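Observations on the three-dimensional arrangement
Listed here are the chains, written in short residue letters.
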Amino acid sequence: MAQKFTRRKFLKGAGAGAALMGLKAVEKSRWIENFSRDIAEAANLPAEKWVNSVCPYCACGCSILYGVRQGKVVSVRGNPEAWNRGGVCIKGATLADLYLFNSPGVKDRLKKPLLRDPEKRGSLDNFREVSWDEALDYMVKKVKEYTKTKFGDKHPFAMYGSGQASLEFNYLAAKFNVIGMNIHNDNNGRLCQATQANAMVISFGIDGPPMSFDDVFEADNLFLFGFSIADTLPGWFGKLVEAKVQKGDNLKIAVIDPVKISATQILNYKAGDLYLPIIPTTDVAFINSMAHVIIYELEGVNRDYAGDASRWADDVISGKVKPKHIDTEFIAKYVNFYRGDYQVLARLGKEGPKIFDEIKLPSGLEGFKEYAKFLAAYKPENVAQTTGLTPADIRKAAQMFVRNKNTMSMYLQGFGQQSNGVSKHLALVTLHAVTGRLGRAGAGVMPSVGQPNGLGQRVGGAVVGRLPGNRNHALAAHRASLAKALARGNQEMEAKILERLEDPVTKNSRLSLTSVDIFKNLKNGNIKGVWTVCNNPMVAFPNLNMVHEALRKADLVVVQDIYPTETMAFADVVLPAAALSGEACGTYLNSERRVQMLEKAVEPPGDALPDGIILLAFVYKYQKALAAEGRQEEADFLKFLLEPIIQGYEPLFENVQANIRELREANQEIQKRLFSELAYVSKGIPGNDFSGLSYERLRTEKDAKGYVGFKLPVLDSSHKGLERLYDENYEAVYQKRFATPDGKLRCFLFEQVHPAEEWIDAEYPFMLTLPRIYEHWHTRTRTGRCAMPHRLRPEAWLSINPNDAKKLGIKDGDWVEVESRRGKVTVKAKIDTVKTPREGVVWMPWAYGFLGNLFTGQKEAPPGKSAGNVLSTDAYDPVSKHPELKFTAVKIRKV
Ligand SMILES: Nc1nc2c(c(=O)[nH]1)N[C@H]1C(S)=C(S)[C@@H](COP(=O)(O)OP(=O)(O)OC[C@H]3O[C@@H](n4cnc5c(=O)[nH]c(N)nc54)[C@H](O)[C@@H]3O)O[C@H]1N2
Ligand SMILES: Nc1nc2c(c(=O)[nH]1)N[C@H]1C(S)=C(S)[C@@H](COP(=O)(O)OP(=O)(O)OC[C@H]3O[C@@H](n4cnc5c(=O)[nH]c(N)nc54)[C@H](O)[C@@H]3O)O[C@H]1N2
Ligand code: SF4
Ligand SMILES: [Mo]
């Protein structure tokens, strides 16, 4: 399979038309020039073997092949036998930069465990290299003390994990942090997936993105809400472009985003495609207004019933009137209605589904009548000011929504990262349901995932509210079946596991703190320490001044990463990890529920160990220390949970430093055991059951379309997975259309609610949104060390609408100070005529922390002068606790 790469081909692979144009604009640095040549030369070296893996960046989950020569990665390419058919974007294509010659990607890797006194925190210096055992023993000694007390339902120590760690690691975190050690555990998924996951549990009864990438080929109409898909899930966008080319104007697209995102470039306005520059946070008003137009105007309620939806609905119920766009059969058969009430829904996680009784409306068509009446207030003219959209545009969108049968809505952080995000999802699901545009190929809602294993962190059970198998923590039956599956017939252990999950008296869930509350309580001293794995909160977290203070206050900060990060500057313990993609093995679940294998291609550098081995080594040592101290019961419990995973390998964990090679080797078998344990545990959980899947199958078989990997659920050893959830095939398998107790979809009447962040005013007149850019991954720890992405986007900027810039007297390239109610940053202004924000809105990439230029090592003082999250608020959606990262009131001043 070895193939010759020329520099030209390489650039082409790297998404290059745009990249090449960008190159001209960037100043020439000879070092980078030489570096790029090295890569091109290296790419000419034929690989000796190609190893199957997955790109470690976005939730497309492009299957990739690492080309390996003499034990080193020399190139990377897309796997032609996968759903991505060999394609990769600039980030996947430049992954090999991280392995080549003396690049920053190689030089900067963390290679040894590091330790220092907590007083010496604040920079990347002053660490001393230590053995694995010294570092882990130091942690054990501290954590042992913390776990003598409680904070909330757990001990005052927390792991902050990641949707970029493997499915197996996330399962380990659930099994040992949440259950075994009873400490707090949440993930960066709180910043990423919490709204989508919680909203899906509410609507469908269980979490899991219900549709597939290929559904775009079946759709007649596509609504893209707050989803910059061309930049953020480019692989899936490729399918969308293909669908548009294939179907021409038969596929109509509406983009709803305050920024004219790159995806608008494929719109054909003449053919009726729409771009709607909505005011941030106001999607519910828009969605309800589309529903108003459909019922009051297109169904003729205004014309024939003088606007009285109640009388019209009665005639619909009695069969006197047959609506054109409302699917009465679907509503009668499959829909329950509820009042949209944030206060009640916020209690779901703790108290369970009985809370729905408090807000229940009549079911079926009687409930629909309530919905129709409720929408009276949402006439387009009434919401024009709130949403910033013209009544004519709202009417066009409504007409598009019910044009033909198949309408599909795709959305991501424009919904997720708003403090009213859950209500956006719920309002949209209701519109899809009443128009019968849900639960078919090409019809329905598809909340996308962002991180490569954003879904796997939920299926693994490592985010608050989810338990292994993507169970609902709030459901007594799910807690009980988990305890049973993990107890292996031991009733005493079963009772113990259950007690970690629920209060025996109230039967309420025992929950960890969620991410934002972990950091706030670290700041307040209620939580003593934090162990971050595979994330960089000192850049990515909301309200960085709060995070900065929290990390300074903490008694123990452990950072487990592959590179030095801004967060590491506040650590006292640093644990060097093997990069999952390339150097370790495990599985990832992509945005369409596809499980794929990542095989080990090369050895990790220095003493680095795979993430799972590090956590297991800690648990092993912690359990030994508890036993030595006479805390026998806790130790025995942990020993019981450890046994099936590390059996036969115990001696290796006695002296980690002496057994690095052996532990890396053992990791292959240990991950396999973890996967099969979780597969077994997942049995019976609708949509998330993969009890029919194994490493063997992932390695040797293909799915029904002939691609590597399988889409959940995979029900037995010959089942090839389901293409989508909640359609007729799903109903045939589960004998229910939805995963709720009565098999009905939960639909809500939600009003437009105000966001948590204070609204703009005379002092803070601009709305800032902090989105992503194509070239970089999050806090740039890797892409910032890859030549092309770095070169194209070396620094942060603020994008301004040309009219706003004129009013403020700002020219392209001027330095501006952006200030919110929490802090300020200074960046260059860009008068943006491409990804143009609507007037009154500005945007800046949030990827640039105080480590600044990762090529030259130029640093700033924390939290950084161009770190966007200095400005953002840590207020969150009351149901999902997902922070409001996409709306900040700011003022702008030329400096
Ligand atoms: N290149 C690159 N790709 C990535 C990532 C990366 O870091 N870099 N990260 C990955 C991850 S983890 C994630 S979660 C995804 C995120 O993927 P996206 O959600 O596509 O990413 P964002 O650019 O953060 O935000 C999407 C859009 O929401 C819009 N928006 C803001 N407020 C509102 C609103 O109130 N309503 C509406 N309708 N729109 C609004 C913004 O203008 C922005 O265009 O990307 C993934 N892919
Ligand atoms: N304002 C604003 N803030 C945001 C967002 C936004 O849109 N706006 N988006 C939010 C979202 S959706 C997300 S997902 C978060 C992401 O935020 P984070 O996850 O905190 O940021 P990353 O830079 O992705 O951090 C991943 C880290 O893992 C390390 N790493 C890579 N591979 C491995 C491995 O195999 N093992 C270990 N141990 N480490 C590894 C990388 O070097 C890097 O430091 O940011 C959130 N923050
Ligand atoms: S970043 Fe996403 S689209 Fe690009 S190669 Fe990786 S998985 Fe594929
Ligand atoms: Mo994310």
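From a predicted model like this one, the values you see are computed outputs, not experimental measurements.

What counts, and at which threshold
Residues numbered from 1 in each chain as written. Chains lettered and ligands numbered in written order. Predicted model: local features only at pLDDT ≥ 70, side-chain atom pairs only at ≥ 80, totals over all residues. Heavy atoms only, no water. Near = heavy atom within 4 Å. Helix = DSSP H or I, 4+ residues; strand = E, 2+ residues; numbered from the N terminus. Polar contact = N/O pair within 3.5 Å; in protein donor to acceptor, adjacent residues only side chain to side chain. Areas by Shrake-Rupley, 256 points an atom, 1.4 Å probe, with all protein chains shown as cover. Nonpolar A, V, L, I, M, F, W, Y, C, P; charged D, E, K, R; others polar. Buried < 20%, exposed > 50% of the residue type's maximum accessible area, 1.4 Å probe, protein only. Pairing = 2+ DSSP bridges. UniProt positions renumbered as here; feature names shortened; annotations may be inferred. Axes fitted to C-alpha atoms, helices over the stretch in contact; angles between N-to-C directions. Parallel < 35°, antiparallel > 145°, perpendicular 65-115°, else oblique. Contact = heavy atoms within 4.5 Å. Salt bridge = Lys/Arg side-chain N within 4 Å of Asp/Glu carboxyl O. Domains from an automatic or database assignment. Buried area = accessible area lost by both parts, 1.4 Å probe. pLDDT = per-residue confidence, 0-100. Expected span 1.5 Å × (residues − 1). Bend = angle between axes of the 7 residues up to and from the residue.

Focus on the site of ligand 3
Taken together, Cys55, Tyr57, Cys58, Cys60, Gly61, Cys62, Val88, Cys89, Lys91, Gly92, Pro234 and Gly235 form the complete shell of residues around ligand 3. Listing elements by their share of the shell around ligand 3, those giving two or more residues are helix 4 (90–93) and helix 11 (234–247).

A look at the site of ligand 1
With respect to spatial proximity, 33 residues lie near ligand 1, and among them Thr232, Asp257, Thr281, Arg772 and His776 are the closest. Between ligand 1 and Thr232, the relevant distance is 2.7 Å, taken from a nitrogen atom to a main-chain nitrogen or oxygen of the residue. Contact with the protein chains covers 99% of the free accessible surface of ligand 1, which is 920 Å². Elements with a contribution of two residues or more to the shell around ligand 1: helix 10 (229–232) and helix 21 (413–416). Residues that form the shell around ligand 1 fall into these classes: 14 nonpolar, 12 polar and 7 charged.

Things to note about the side chain of Thr281
Residue placement: Thr281 occurs in the loop between strand 10 (274–276) and helix 12 (283–298). For Thr281, a relative accessible area of 2% gives the class buried.

Points about the sheet that holds strand 19 (residues 586–589)
Within the open sheet, the 3 strands sit side by side as 19-20-21. Their pairing is antiparallel. Either end of the sheet is taken by a strand with one partner, and the two such strands are strand 19 and strand 21 (710–711).

A few points about the UniProt feature "domain: 4Fe-4S Mo/W bis-MGD-type" (unreviewed entry) in the protein chain
Residues annotated by UniProt as "domain: 4Fe-4S Mo/W bis-MGD-type" (unreviewed entry) correspond here to residues 48–103. Here residues 48–103 runs as 7% helix and 36% strand, with 22 Å between its end C-alpha atoms.

Details of the packing of helix 7 (residues 167–180) against helix 25 (residues 491–501)
With their axes 9 Å apart at the nearest point, helix 7 and helix 25 run at an angle of 80° to one another. Classified by the angle between their axes, helix 7 and helix 25 sit roughly perpendicular to one another. Here Val178, Ile179 and Gly180 of helix 7 lie close against helix 25, whose contacting residues are Ile497, Arg500 and Leu501. Split into classes, the residues belonging to the contact of helix 7 with helix 25 amount to 4 nonpolar, 1 polar and 1 charged.

Here we look at the pattern of salt bridges
Tallied over the entire structure, the rule returns 70 salt bridges. Here Glu731 makes a salt bridge to Arg737, at a shortest N to O gap of 3.3 Å. We classify Arg737 as buried; its relative accessible area is 7%.

Concerning the domain arrangement of the protein chain
Taken as a whole, the protein chain is organised into domain 1 (7–107), domain 2 (130–194 + 453–577 + 610–695), domain 3 (210–448) and domain 4 (766–894). Here domain 2 and domain 3 have C-alpha centroids that lie 38 Å from each other. Contact with domain 2, which involves 9 residues of that partner, is made by 11 residues of domain 3. Summing both partners gives a buried area of about 680 Å² for domain 2 against domain 3, and 41% of it is carried by carbon and sulfur. Among the ionic pairs, Lys350 bridges to Asp153, the shortest N-O distance being 2.7 Å. Inspection of the domain 2/domain 3 interface yields 5 residue pairs in polar contact (both at pLDDT 80 or more). Residues that form the side of domain 2 that touches domain 3 fall into these classes: 5 nonpolar, 3 polar and 1 charged.

Comments concerning the environment of Glu218
Secondary-structure assignment places Glu218 in the loop between helix 9 (194–204) and strand 8 (221–225). Residue class for Glu218 comes out partly exposed when judged on its relative accessible area of 40%. Considering only alpha carbons, one finds Glu218 and Ala441, 223 residues apart in sequence, at a separation of 6.0 Å.

Quick look at the confidence of the model for the protein chain
In this model, the protein chain carries an average pLDDT of 94, and 95% of its residues clear a pLDDT of 70 or more. This model gives residues 1–32 a pLDDT under 50, and the stretch forms 48 contacts once residues within four places in sequence are excluded.

Some thoughts on helix 22 (residues 421–434)
The terminal C-alpha atoms of helix 22, which comprises 14 residues, lie 21 Å apart, in line with the 20 Å expected from a rise of 1.5 Å per residue. Immediately beyond the C-terminal end of helix 22, within one or two residues, lies Gly436, with a positive phi of roughly 65°.

Observations concerning the pairing of strand 2 (residues 63–69)
As a general feature of sheets, a regular strand has side chains that alternate between the two faces. Taking burial as the measure, the 7 residues of strand 2 include 6 buried ones, the bulk of the element. Note: strand 1 (residues 49–54) against strand 2, 6 bridges, orientation antiparallel. Its bridge partner being in strand 2, Val54 is matched across the sheet by Ser63. Bridge analysis of strand 2 against strand 3 (residues 72–78) gives 6 bridges, and the strand direction is antiparallel. Bridge pairing in strand 3 places Arg69 opposite Lys72. The antiparallel hairpin formed by strand 2 and strand 3 contains 2 residues in its connecting segment, where Gln70 sits at a positive phi of about 50°.

Regarding helix 31 (residues 632–646)
If you check helix 31, its first and last C-alpha atoms are 20 Å apart, about what 15 residues at 1.5 Å a residue would give, namely 21 Å. Roughly 25° is the biggest bend found in helix 31, and it falls at Phe640, with proline Pro644 one to four residues downstream. Of the positions making up helix 31, those classed as buried are Ala635, Phe637, Leu638, Phe640, Leu641, Leu642, Ile645 and Ile646. Those residues of helix 31 that are buried lie in contact with helix 7, helix 24 (476–487), helix 25, helix 30 (611–628), helix 32 (650–654) and helix 33 (660–681). A positive backbone phi angle near 90° is found at Gly648, which sits one or two residues after helix 31.

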